[in-house]
Amino acid sequence: GAGSGTDVAYARAHRVARIDAVEIDPKILAIGADKNPDRPYADPAVRTHVNDGRAFLRTSAERYDLIIFALPDSLTLVSTSANLRLESYLFTVEAFTSARDHLVPGGAFVLYNYYRQPWLLDKIAGMLEDVFGQPPTIRSYGDAYSATAAVLLAGVRPDVTDVSTSVSPSRAQAPGTPEPATDDWPFLYLRERVVDPNYLTALAFVILTTLVATGLATRASRTPLSAFSPHFFVLGAAFLLLETRSLATFGLLFGTTWVVNALVFLAILCSVLLAILLNARFRPRPAPLYALLGCALLVAYLLPPAALLIDPPALRYLIAAVLAFAPVFLANLVFTTSFRETKSADMAFASNLIGATVGGVLEYAALITGYRGLLLVVALLYAAAWLFSSRLRVLGDRGTAPALILER
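Model, not experiment: these values are computed from the prediction. (Residues numbered from 1 in each chain as written. Predicted model: local features only at pLDDT ≥ 70, side-chain atom pairs only at ≥ 80, totals over all residues. Heavy atoms only, no water.)

Caption draft 1: Structural detail: the overall build of the protein chain. Looking only at helices and strands, the protein chain features twelve helices and seven strands. Buried residues in the protein chain amount to 44% of all 408 residues. Residue pairs in contact within the protein chain that sit at least 24 positions apart in sequence constitute 78% of those at least 6 positions apart. When the accessible surface of the protein chain is totalled, it reaches about 22,000 Å², and 64% of it is carbon and sulfur. (Helix = DSSP H or I, 4+ residues; strand = E, 2+ residues; numbered from the N terminus. Buried < 20%, exposed > 50% of the residue type's maximum accessible area, 1.4 Å probe, protein only. Contact = heavy atoms within 4.5 Å. Areas by Shrake-Rupley, 256 points an atom, 1.4 Å probe, with all protein chains shown as cover.)

Caption draft 2: Structural context of the nonpolar core. The biggest cluster of nonpolar side chains holds 52 residues, and the ones touching the most others in it are Leu235, Leu242, Phe250, Phe325, Tyr371 and Tyr382. When contributions to this core are tallied by element, the ones reaching two or more residues are helix 7 (230-254), helix 8 (258-282), helix 9 (286-302), helix 10 (313-341) and helix 12 (366-400). Excluding residues that lie within four positions of it along the chain, Phe325 makes contacts with Ser246, Phe250, Val264, Ala267, Ile268 and Ala320. In this structure, Val22, Ala125, Met127 and Leu188 belong to the second largest nonpolar core, which totals 30 residues. (Core = buried A, V, L, I, M, F, W, Y, C linked by side-chain atoms within 4.5 Å.)

Caption draft 3: The packing of aromatic side chains, seen in detail. Per the counting criterion, the structure on display carries 13 aromatic pairs. Ring centres of Trp185 and Phe187 lie 5.9 Å apart, and the angle between their planes is 80 degrees; on these two criteria the pair is classed as edge-to-face. Taking relative accessible area as the criterion, Trp185 reaches 0% and is therefore assigned buried. An angle of 75 degrees between the planes, with centres 5.4 Å apart, marks the rings of Tyr199 and Tyr364 as edge-to-face. Residue Tyr199 is located in helix 6 (residues 197-220), and its partner Tyr364 is located in the loop between helix 11 (345-362) and helix 12; the two are separated by 165 residues in the primary sequence. A residue is classified by how much of its surface remains accessible, and Tyr199, at 36% relative accessible area, is partly exposed. Site record: aromatic cluster; members linked through ring pairs are Phe69, Phe91, Phe96, Phe109 and Phe132. The ring of Tyr301 has Arg372 sitting right over it, with the charged end atom 4.4 Å from the ring centre. (Phe/Tyr/Trp six-rings, centres within 6.5 Å; stacked < 30°, edge-to-face > 60°. Lys NZ or Arg CZ within 6 Å of the ring centre and 35° of its normal.)

Caption draft 4: Inspection of the pattern of salt bridges at higher detail. The full count for this structure, using the stated rule, is eight salt bridges. Each of Arg18, Asp20, Arg47 and Glu62 takes part in a single network of salt bridges with overlapping partners. (Salt bridge = Lys/Arg side-chain N within 4 Å of Asp/Glu carboxyl O.)

Caption draft 5: View of the side chain of Asp183. Considering the arrangement of structural elements, one finds Asp183 in the loop between strand 7 (166-167) and helix 6. Asp183 gets classed as buried once you look at its relative accessible area, which sits at 11%. Separated by 2.9 Å, the side chains of Asp183 and Arg54 make a polar contact. With residues near it in sequence (within four places) discarded, Asp183 still touches Arg54, Tyr89, Thr92, Glu94 and Leu252. (Polar contact = N/O pair within 3.5 Å; in protein donor to acceptor, adjacent residues only side chain to side chain.)

Caption draft 6: Helix 7, seen in detail. Taking 1.5 Å per residue, 25 residues should reach 36 Å; helix 7 reaches 36 Å between its end C-alpha atoms and fits that length. Positive phi shows up at Gly255, right after helix 7, with a value of about 95 degrees. (Expected span 1.5 Å × (residues − 1).)

Caption draft 7: Spatial organisation of the packing of helix 7 against helix 11. Following both chains from N to C, one finds helix 7 and helix 11 inclined at 40 degrees, their axes separated by 6 Å at the closest point. The angle between helix 7 and helix 11 places the two elements in the oblique class. As helix 7 runs across helix 11, the sense of the crossing is right-handed. Contacts from Phe232, Phe233, Leu235, Gly236, Ala237, Leu240 and Leu241 of helix 7 reach helix 11 at Ala348, Ser351, Asn352, Ile354, Gly355, Ala356, Val358, Gly359, Gly360 and Leu362. Within the contact of helix 7 with helix 11, the residues separate by chemical class into eleven nonpolar, six polar and no charged. (Axes fitted to C-alpha atoms, helices over the stretch in contact; angles between N-to-C directions. Parallel < 35°, antiparallel > 145°, perpendicular 65-115°, else oblique. Left-handed = near helix turned anticlockwise from the far one by under 90°. Nonpolar A, V, L, I, M, F, W, Y, C, P; charged D, E, K, R; others polar.)

Put into structure tokens, the structure is as follows:
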């Protein structure tokens, strides 16, 4: 969170000899270079990096006397289809561990920010205690009518003494400490695994609006509700969940920057195109595709994203693309195979879009299960899709057989 360079300017004023300034937004960095009167980014002792903080730590071999997380809360969603924020993977136990591992012996790790809820400060303090083995030192400012400004210091240098007005209690003495954020459950701003009632109300409104709009559309077009396809509905819900999980995986592996998001959607669109081409040329059977999809989901569940944190980044992207998008690619093959065989393309596609809306609602289950557990929901949905497709094929086969009708 180097921003426009205020912290960097203070560091240079205190004769810090070498500084890496990491900022995710190139525009803010440019504003600091042009407008900051101290010209911190023009100093030869300062190296600027436009990157996600977690990704920078992962790719850097440097060791530091001091690492600062300076107000890195964008409160900006990575995508409208996920609850991830730009800074989500910067505030996890694994991220704090990475920062600790980049400190020299006796180095210090500092976070400062404004905290509107006291439990949020307790949550971060508990995570730091888990990582560093001792409670962090905390200095807080503020009153009951405004957000509390606080500085947390972990891994205290031997020459730093008495810098705080308050010290966090040990976690062992503080039952009910909020659950720590992890790479699988990277939700810093949740106290526990729960979906807020306000979210549930809004999601229920989305579902109700979708149902009403669908009913009005079918009535206006005189389309019977029986034309609705449960098979394509479930496929839509499952695929959106897969897309969301893939976005979360790549955000962890490469950082939550717009370039990474572009690469994710590029891989998804390429997998869609490739699935269409393969389906048109080879016309695969549905049963083997569902079996392969189940195997791909099992591998993705058993192999955590952290196992893919390998270098160099190009190899990491290739392997992660294959493993993370194998389910996406196979899911596209399943969809294109089913879509090829449908006799009502418009209703199949409409059912699929409605399912995607429901899949967006189901994504909130990650607030409880984490992103790994979301794969179990995806697997159940595709199992249901297979059952629906099998039933439809049986009914279709029966419909083509000759029938003898006797009337009395």
